Amino acid sequence: MYKKEISKAVINRLPRYYRYLGDLLEKDVVRISSKELSEKMRVTASQIRQDLNNFGGFGQQGYGYNVEYLHSEIGKILGLDTKYNVIIIGAGNLGQALANYTDFERRGFYVRSIFDISPALIGTEIRGITVRANEELEEYIRNNKVDIAAITVPKTKAPGVANELVKWGVKGIWNFAPTDLNLPKDVTVENVHLADSLMKLSYRLSGKREEMK
Ligand code: NAI
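Note that this is a predicted model, so its numbers are computed, not measured.

Reading guide: rules and limits
- Residues numbered from 1 in each chain as written.
- Predicted model: local features only at pLDDT ≥ 70, side-chain atom pairs only at ≥ 80, totals over all residues.
- Heavy atoms only, no water.
- Axes fitted to C-alpha atoms, helices over the stretch in contact; angles between N-to-C directions.
- Helix = DSSP H or I, 4+ residues; strand = E, 2+ residues; numbered from the N terminus.
- Left-handed = near helix turned anticlockwise from the far one by under 90°.
- Contact = heavy atoms within 4.5 Å.
- Nonpolar A, V, L, I, M, F, W, Y, C, P; charged D, E, K, R; others polar.
- Buried < 20%, exposed > 50% of the residue type's maximum accessible area, 1.4 Å probe, protein only.
- Arc of directions from axis to C-beta.
- Core = buried A, V, L, I, M, F, W, Y, C linked by side-chain atoms within 4.5 Å.
- Salt bridge = Lys/Arg side-chain N within 4 Å of Asp/Glu carboxyl O.
- Pairing = 2+ DSSP bridges.

Novice: Explain the packing of helix α1 (residues 8-26) against helix α4 (residues 67-77) to me, using residue names and the numbers behind them.
Specialist: Interaxial distance between α1 and α4 falls to 9 Å at its minimum, and their mutual angle equals 145°. Of the two elements, α1 crosses α4, and the hand of that crossing is left-handed. Packed against α1, whose contacting residues are Leu14, Tyr17, Tyr18, Leu21, Gly22, Leu24 and Leu25, the element α4 presents Val67, Glu68, Leu70, His71, Ile74, Gly75 and Ile77 at the interface. Taken together, the residues of the contact of α1 with α4 sort by class into ten nonpolar, three polar and one charged.

Novice: For helix α8 (residues 158-167), give the residues involved together with the corresponding values.
Specialist: Three or more residues of α8 are buried, namely Ala158, Val161, Ala162, Leu165 and Val166. One side of α8 carries all its buried residues, which in axial view fall inside an arc of 130°. Next to the buried residues of α8 lie β3 (84-89), α7 (137-143), β7 (148-151) and β8 (172-175). Where α8 terminates, the next one or two residues include Gly169, which has phi positive at roughly 115°.

Novice: Hey, could you go over the nonpolar core for me, with residue numbers and the actual values?
Specialist: Within the largest apolar cluster, 22 residues are counted, with the highest numbers of intra-cluster contacts made by Ile87, Ile89, Leu137, Ile141, Ile151, Leu165 and Ile173. Listed by contribution, the elements that provide at least two residues to this core are β3, α7, β7 and α8. At five residues, α8 tops the list of elements feeding residues into this core. Not counting chain neighbours up to four residues away, the residues in contact with Ile151 comprise Ile89, Ala158, Val161, Ala162, Leu165, Ile173, Trp174, Asn175, Phe176, Ala177 and Leu181. Residues Ile48, Phe58, Leu70 and Ile77 belong to the second largest nonpolar core, which totals 21 residues.

Novice: How would you explain the pattern of salt bridges if you had to name every residue and give the values?
Specialist: On inspection of all chains with the given rule, the structure shows ten salt bridges. Of the charged contacts in the structure, one is a salt bridge between Arg13 and Asp51, with a shortest N-O distance of 2.7 Å. Of the two residues, Arg13 sits in helix α1 while Asp51 sits in helix α3 (residues 45-53), which places them 38 residues apart along the sequence. As a salt-bridge pair, Glu138 and Arg142 come within 2.9 Å of each other at their nearest N and O atoms. Within this pair, Glu138 and its partner Arg142 are both found in helix α7, separated by four residues, close to a single helical turn.

Novice: How would you sum up the sheet that holds strand β5 (residues 125-126)? Please name residues and give values.
Specialist: Reading across from one edge, β5-β6-β4-β3-β7-β8-β9 is the order of the seven strands in this open sheet, with mixed pairing throughout. For this open sheet the edge positions go to β5 and β9 (188-191), each flanked by a neighbour on one side alone. Sheet topology places β7 next to β8; three bridges connect them, and they run parallel. Residue pairing across strands places Ala149 opposite Ile173, the latter belonging to β8. Of the strands in this sheet, β3, β7 and β8 touch α8, which is tilted by about 170° from β7.

Rendered as structure tokens:
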């Protein structure tokens, strides 16, 4: 749809715009100027204009942005006008937390099935979804449309699990295991590492400590 190459920095900012505009919509705000949006989001107005110009603007001189329209257009750019079938591999602490989080569905991400190797977990239910044995994984993927597989298994198991998922046809990997995955180019991987975020927080805190000395 959008042929122009969009920088990663812009893409990284879009979910925040989307979330913010969603909050405004919930408060029945119909339109917002780039100045107001910039004050609320603490991004310069010119940054917002530049970001949105990548996708053809959306703003009108003297009017600002129509919140509903902008929200829906950014949603389309992010691919949120699609429904995604998600499976989770690893039904431990993190896998269960993801499965229990209902808000992903609001964005179009539906957890359809969960897999594990532990006999203690297989057959149990998480939010009405039965944990299946890993042996069923290949057949499940071949018979059901799986858009995204979340990997929440121990780090040492993650590369093997990822390779199998890809071999069976999964093209989207949401990787939570703290390890890099080497997968073919046509597979899209999004890594989520809370510990990296904590280390960044630690760096910034230690910077502040230095400044205060
Ligand atoms: P956990 O030990 O509670 O759960 C791991 C689950 O994976 C267990 O139920 C285990 O039976 C299952 N498992 C092991 N091998 C498997 C395989 N081959 N196929 C399917 N299931 C398998 O661990 P926890 O706390 O849920 O962490 C899971 C992963 O997520 C770890 O790699 C951990 O380092 C990572 N993690 C990442 C975070 C992040 O910010 N990205 C935060 C917390 C954990």
